[in-house]
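Spelled out, the chains give:
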Amino acid sequence: MNVNLTEYISEKQTLIDNKITDYFRDQDIPEQLKESMLYSLQAGGKRLRPVLLFASYQVFKEDISPVVSSAVALEMIHTYSLIHDDLPAMDDDTYRRGQLTNHKVFNEATAILAGDGLLTYSFEIIARDLLLTIEQKVEVVKLLAKASGPEGMVGGQILDLEAENHGVNLEGLERVHTSKTGELLKFAISIGAYLGGASEAQISELERFSYYLGLIFQVQDDILDVTGDEEKIGKAVGSDEDNEKSTYPKLLGLQGAIDKKNEYVQCAKEALTKAQADTSILMALTDYFSQRDH
């Protein structure tokens with residue numbers, strides 16, 4: 001698959017932005033709640049999870065129409081998690097993506113309900129998708145619920161909270177981020193491959209790839225919290241240290257974190273090679289995740 005990566009990402013970001021608007025256009029949602037949900041959805045997110053889903057699907061098929069609803073649902077769940085993550089009871093953040101967090105603009109109760117609304121609406125979108133078979137819908141809902149639930153993202157969030165002020169070893173840190181960040185990335189890759197018609201062996205290798213990609217994403221996040229540009233990141237640098245979070249630089253030192261990230265990159269690319277398909281776009285996205293500056 002020979003594509004310009006910058007154009008590919010931009011094109012898919014625009015698609016998701018437009019589809020999000022479509023999914024809210026005719027919904028009879030109380031105005032305050034609708035504004036709160038859209039405020040965070042339209043806050044300039046990178047849409048990397050939907051981009052990965054599209055890229056994984058396009059390893060096997062070209063027309064992405066059958067996976068658009070799954071990609072939008074995935075972005076809604078990711079956004080809900082950010083709204084809740086920023087709440088006073090969690091990270092108590094003031095800024096997200098360069099603008100005030102949801103509860104700072106509306107109020108804490110509305111922010112909680114906006115997150116709840118995004119979570120539940122995401123499954124409705126999948127259930128009413130006319131381009132998926134009943135069997136496909138069940139598989140998408142099952143995997144997305146597992147990735148975002150107590151064995152996935154939610155479980156990873158509480159492990160992250162428990163690690164604050166206590167510290168964890170490398171194995172513990174990988175477990176936190178495999179759940180909190182990695183499970184939604186794994187969903188994006190595996191469901192894209194499944195809906196694209198990949199074999200079980202190919203899906204297995206792509207899931208192994210997604211495991212390392214999730215760790216790459218988190219290591220780079222941790223590195224940027226130390227070395228990043230606040231204007232590009234959209235929030236204060238050093239917040240992990242202020243919140244006494246367990247991070248790769250804190251555990252391994254900055255250079256150690258960079259070395260570990262490069263190790264993960266090598267493992268991710270080995271898995272892609274073993275998938276025995278044209279994974280060039282996923283190879284390029286691996287480098288993008290590893291080298292991003294925001």
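Positions within a chain are numbered from 1, following the residues in the order the chain's sequence is written. Confidence filtering applies because this is a predicted model: local features only for residues at pLDDT of at least 70, side-chain atom pairs given and counted only at 80 or more, and all residues used for totals across whole chains, interfaces and linings. Note that water and hydrogens are dropped before the side-chain values are worked out from all heavy atoms of the structure.

Novice: Explain the packing of aromatic side chains here, please?
Specialist: Note on aromatic pairs: each is described by the distance of the centres and the angle between the planes. By convention, a stacked pair of Phe, Tyr or Trp rings (six-membered ring in the case of Trp) has centres within 6.5 Å and planes under 30 degrees apart, an edge-to-face pair has planes over 60 apart, and any other such pair is tilted. In total, this model carries seven aromatic pairs according to the counting rule given. Each ring, one from Y39 and one from F106, has its centre 5.7 Å from the other, and the planes form 75°; the classification is edge-to-face. Of this pair, Y39 sits in helix 2 (residues 31-41) while F106 sits in the loop between helix 5 (102-105) and helix 6 (108-127), and the two are 67 residues apart along the sequence. Classification of residues uses two cut-offs on accessible area relative to the type maximum, computed with a 1.4 Å probe and protein chains only: under 20% is buried, over 50% is exposed, and between them is partly exposed. A relative accessible area of 22% means that Y39 is categorised as partly exposed. Classification of F106 by relative accessible area gives buried; the value is 18%. Helix and strand assignments follow DSSP, with helices taken as H or I runs no shorter than four residues and strands as E runs no shorter than two, numbered in order from the N terminus.

Novice: Please clarify how unusual backbone geometry should be interpreted in this entry.
Specialist: Note on backbone geometry: most residues besides glycine have negative phi, and most peptide bonds are trans. For R47, which is not glycine, the phi torsion reads 60° and is therefore positive. Tracing the chain through its elements places R47 in the loop between helix 2 and helix 3 (48-58). The backbone of R97 sits at a positive phi, close to 55°, despite the residue not being glycine. Among the secondary structure elements, R97 is positioned in the loop between strand 1 (95-96) and strand 2 (99-100). Using a relative accessible area of 24% as the deciding quantity, one classes R97 as partly exposed.

Novice: Explanation requested: the environment of T286 in the structure shown.
Specialist: Considering the arrangement of structural elements, one finds T286 in helix 15 (residues 280-291). For the pair T286 and N169, spaced 117 residues apart in sequence, the C-alpha to C-alpha distance is 25 Å. Those residues within four positions of T286 in sequence are excluded, and the remaining contacts are F209, L213, I216, V265, A268, K269 and L272. Here, residues are in contact when the closest pair of their heavy atoms is within 4.5 Å.

Novice: What exactly am I supposed to notice about the pattern of salt bridges here?
Specialist: Opposite charge on two side chains makes pairing possible when the charged atoms of those side chains draw close. Throughout this description, the term salt bridge denotes a Lys or Arg side-chain nitrogen within 4 Å of a carboxyl oxygen of Asp or Glu. Counted by the stated rule, this structure contains 14 salt bridges. Of the charged contacts, one joins K180 and D160 as a salt bridge, the two residues approaching to 2.7 Å between their closest N and O atoms. A residue pair is termed long-range when its members are at least 10 positions apart, and K180 in helix 9 (residues 170-196) and D160 in helix 8 (residues 153-163) qualify at 20 residues. Of the residues examined, D160 reaches a relative accessible area of 4% and is grouped as buried. Among the ionic pairs, E263 bridges to K260, the shortest N-O distance being 3.3 Å. Taken together, the positions of E263 and K260, both in helix 14 (residues 254-274) and three residues apart, correspond to about one turn of that helix. A relative accessible area of 14% means that K260 is categorised as buried.

Novice: Explain empty space enclosed by the protein to me, please; I cannot follow it from the model alone.
Specialist: Any residue with an atom within 4 Å of a point lines the site, the site being either a cavity, points on a 1 Å grid over the protein atoms alone where a 1.4 Å probe fits but cannot get out, or a pocket, an open set with protein on both sides within 12 Å along at least 5 of 7 lines. Grid points are joined across faces, edges and corners, and a volume is the space filled by probe spheres set on the points. Enumeration over the complete set of coordinates arrives at one cavity of 30 Å³ or more. Within this model, the largest cavity holds a volume of roughly 90 Å³. Along its surface, the largest cavity is lined by 13 residues, and S40, I83, D86, R96 and N102 are the ones closest to its centre. At the level of elements, helix 2, helix 4 (68-85) and strand 2 are the ones that each hand at least two residues to the lining of the largest cavity. Counting residues per element, the lining of the largest cavity draws most heavily on helix 4, which supplies three residues. Residues are grouped as follows: nonpolar covers Ala, Val, Leu, Ile, Met, Phe, Trp, Tyr, Cys and Pro; charged covers Asp, Glu, Lys and Arg; every other residue, Gly included, is treated as polar. Tallied by class, residues from the lining of the largest cavity come to five nonpolar, five polar and three charged.

Novice: Would you explain the nonpolar core in this entry?
Specialist: Soluble globular proteins: nonpolar side chains tend toward being buried together. Grouping buried Ala, Val, Leu, Ile, Met, Phe, Trp, Tyr and Cys residues that are joined through side-chain atoms within 4.5 Å yields what is termed a nonpolar core. Counting 75 residues, the largest nonpolar core has F24, L52, M76, L282 and L285 as the members making the most contacts within it. The leading source of residues in this core is helix 10 (residues 200-227), at 10 residues. What F24 contacts, discounting residues up to four positions off in sequence, is I29, K34, M37, L38, L41, M76, L118 and Y121.

Novice: It is not clear to me how the packing of helix 14 against helix 15 should be interpreted in this structure. Could you clarify?
Specialist: Angle between the axes and distance between the axes: these two values describe a pair of packed helices. For helices, the fitted line uses only the C-alpha atoms of the stretch in contact; every axis is such a line through C-alpha atoms, and the angle between N-to-C directions lies from 0 to 180 degrees. Their axes nearest at 10 Å, the elements helix 14 and helix 15 cross at an angle of 170°. For the element pair helix 14 / helix 15, the angle class is roughly antiparallel. Contacts from K261, V265, A268, K269, L272 and T273 of helix 14 reach helix 15 at L282, M283, T286, D287 and S290. Residue classes in the contact of helix 14 with helix 15 are distributed as five nonpolar, three polar and three charged. Here the word oblique covers every angle except those under 35 degrees (roughly parallel), over 145 (roughly antiparallel) and from 65 to 115 (roughly perpendicular).

Novice: Whenever I open this one, helix 15 confuses me. Can you help?
Specialist: Since the α-helix advances by 3.6 residues per turn, residues separated by three or four positions end up pointing in the same direction. For helix 15, with 12 residues, the first-to-last C-alpha span of 17 Å sits near the 16 Å given by 1.5 Å per residue. Among the residues of helix 15, I281, L282, L285, T286, F289 and S290 are the ones counted as buried. Among the structural elements, helix 1 (5-25), helix 3, helix 9, helix 10 and helix 14 are those in contact with the buried residues of helix 15. Here a helix's expected span is defined as the number of its residues, less one, multiplied by 1.5 Å.

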